[in-house]
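# Summary of the model geometry
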Amino acid sequence: MERAHEAIARAMQTLGRYLHGKERPMRLAFICFFSRGHLLIEDLPGLGKTTLAIGLAKILGLSFGRIQCTSDLLPTDITGLSIFNRTAGAFEFHPGPIFHNIILVDEINRATPKTQSALLEAMGEKQVTVEGRTMDLPKPFFVIATQNPAEQFGTFPLPESQMDRFMMRIRIGYPSREAELEILRGGSKRRELYSLDPVMDQETVLNIQRFIRERMITSETLLDYIMRIIEETRRSEYLTAGLSTRGSLALLHTSRAHAFMEGRDYVIPEDVKAVAPYVIAHRVFFREEYTSTDTKEITRLILEKVSVPA
């Protein structure tokens, strides 16, 4: 566990040189990854989303694939398809970019709903079915999808079933003035990311994920606290529908990963409160009068109504 913390600290320190002023989004991405979830980044183009995805894959020693979504993108462009080989006299399957450890699905809401749905099985079941054949995806498997603001031209809002597949939704936001000045002085360093030396390998990554899922200590008192938060979302005056069971598990898993990142093997209420705004807000249904309000702020108001165990 101590070696894992040192490796993660080195990874974040190294990536910090390429993601100026983006420490919080980077940390949340690590939490989501080690929770075995998928990450949705909702923000304007050009703020470092691609840099974050490439850097994460390279620093962890994992394979990387990118899918650029457009309105004419087909499901087979994601999963792959069989092509007839004249020499062999048979069809050969050519895997698509989904067969990588870390996938950047850029501008996911520019793809049509039919193509968006091709990701559902891959994200939920860690497998794809092509031409009647079911194939497992590599482990670990992590999707980072980016989404433009829905009011931009040529976008298709993600359906609720797709939103629920993402363990966390975050924003990167504009860098601080000092951080952007540093970028202007040094220029883009994205090309340097491809030559980064990994700080861990695939086996280490899988061991960390297993440790977080199976060996982090979660007391009955803490589970009761999470349950009371869930119940509060289901009766809140701000919402028409609260957190689902899948959302409840996401809150638990990300709380464990947050505790691990803090150097503990046990979870405390502060871990739950730290990740809740990024896990809950995109899974619940807000009443019409609150849809234009900051959803994370409403989530914090809901959390304040639940007493923290002593």
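This text gives an overview of the structure that appears in the document.

Thresholds applied
Residues numbered from 1 in each chain as written. Predicted model: local features only at pLDDT ≥ 70, side-chain atom pairs only at ≥ 80, totals over all residues. Heavy atoms only, no water. Salt bridge = Lys/Arg side-chain N within 4 Å of Asp/Glu carboxyl O. Helix = DSSP H or I, 4+ residues; strand = E, 2+ residues; numbered from the N terminus. Buried < 20%, exposed > 50% of the residue type's maximum accessible area, 1.4 Å probe, protein only. Pairing = 2+ DSSP bridges. Axes fitted to C-alpha atoms, helices over the stretch in contact; angles between N-to-C directions. Contact = heavy atoms within 4.5 Å. Parallel < 35°, antiparallel > 145°, perpendicular 65-115°, else oblique. Left-handed = near helix turned anticlockwise from the far one by under 90°. Nonpolar A, V, L, I, M, F, W, Y, C, P; charged D, E, K, R; others polar. Arc of directions from axis to C-beta.

### Concerning the pattern of salt bridges
Summed over all chains, the structure comprises 12 salt bridges. With a closest N to O distance of 3.8 Å, Arg169 and Glu42 form a salt bridge. One end of the pair, Arg169, is in strand S9 (residues 168-170); the other, Glu42, is in strand S1 (residues 39-42), and 127 residues separate them in sequence. As far as burial versus exposure is concerned, Arg169 and Glu42 are alike and both buried.

### Remarks on the environment of Ser161
Here Ser161 lies in helix H6 (residues 160-163). Sequence spacing of Ser161 and Arg36 is 125 residues, and the spatial spacing of their C-alpha atoms is 18 Å.

### Considering the sheet that holds S9
Within the open sheet, the five strands sit side by side as S2-S5-S8-S1-S9. Their pairing is parallel. Sheet topology places strand S2 (64-68) and S9 at the edges, where each strand pairs with a single neighbour. The average angle at which neighbouring strand axes cross in this sheet is 15°, direction not considered. Of the pairings in the sheet, the one linking S1 to strand S8 (residues 142-147) comprises four bridges and is parallel in character. Within S8, the residue paired with Glu42 across the bridge is Gln147.

### A look at the environment of Ile298
Relative to the assigned elements, Ile298 resides in helix H13 (residues 295-304). Ile298 sits 12 residues away from Phe286 along the chain, and the two C-alpha atoms are 9.4 Å apart. When near neighbours in sequence (up to four residues on either side) are disregarded, Ile298 contacts Tyr238, Phe286, Tyr290 and Thr293.

### Some thoughts on the packing of helix H10 (residues 220-235) against helix H12 (residues 269-280)
In contact at an axis separation of 11 Å, H10 and H12 are set at 30° when each is read in the N-to-C sense. Classified by the angle their axes make, H10 and H12 are roughly parallel. Where H10 crosses over H12, the handedness of that crossing is right-handed. Here Leu222, Tyr225, Ile226, Ile229 and Thr233 of H10 come into contact with H12, specifically with Pro269, Val272, Lys273 and Ile280. The class makeup of the residues in the contact of H10 with H12 is seven nonpolar, one polar and one charged.

### Observations regarding unusual backbone geometry
For residues that are not glycine, phi is negative in most cases, and the peptide bond is trans in most cases. Of note, the amide linkage connecting Lys139 to Pro140 takes the cis form, showing an omega dihedral of -5°. Topologically, Pro140 is positioned in the loop between strand S7 (133-136) and S8. For Arg36, which is not glycine, the phi dihedral falls at a positive 65°. Positionally, Arg36 belongs in the loop between helix H2 (23-34) and S1. With a phi close to 60°, Lys126 is a non-glycine residue in the positive phi region.

### Observations concerning the packing of helix H1 (residues 2-16) against helix H3 (residues 49-59)
Where H1 contacts H3, the axes come no closer than 10 Å and their chain directions differ by 140°. As judged from the angle between their axes, H1 and H3 are oblique. Handedness of the crossing formed by H1 with H3: right-handed. Residue-level inspection shows Ala11, Thr14 and Leu15 of H1 in contact with H3, the latter providing Gly55, Leu56 and Ile59.

### Considering H13
Owing to its 3.6 residues per turn, the α-helix brings residues three or four apart onto one side. Among all positions in H13, only Thr295, Lys296, Ile298, Thr299, Ile302 and Leu303 are buried. All buried residues of H13 lie within an arc of 155° about the axis, which places them on one face of the element. Buried-residue contacts for H13 involve S9, H10, strand S10 (239-241), H12 and strand S11 (285-286).

The values reported here are purely geometric and, on their own, carry no functional implication.
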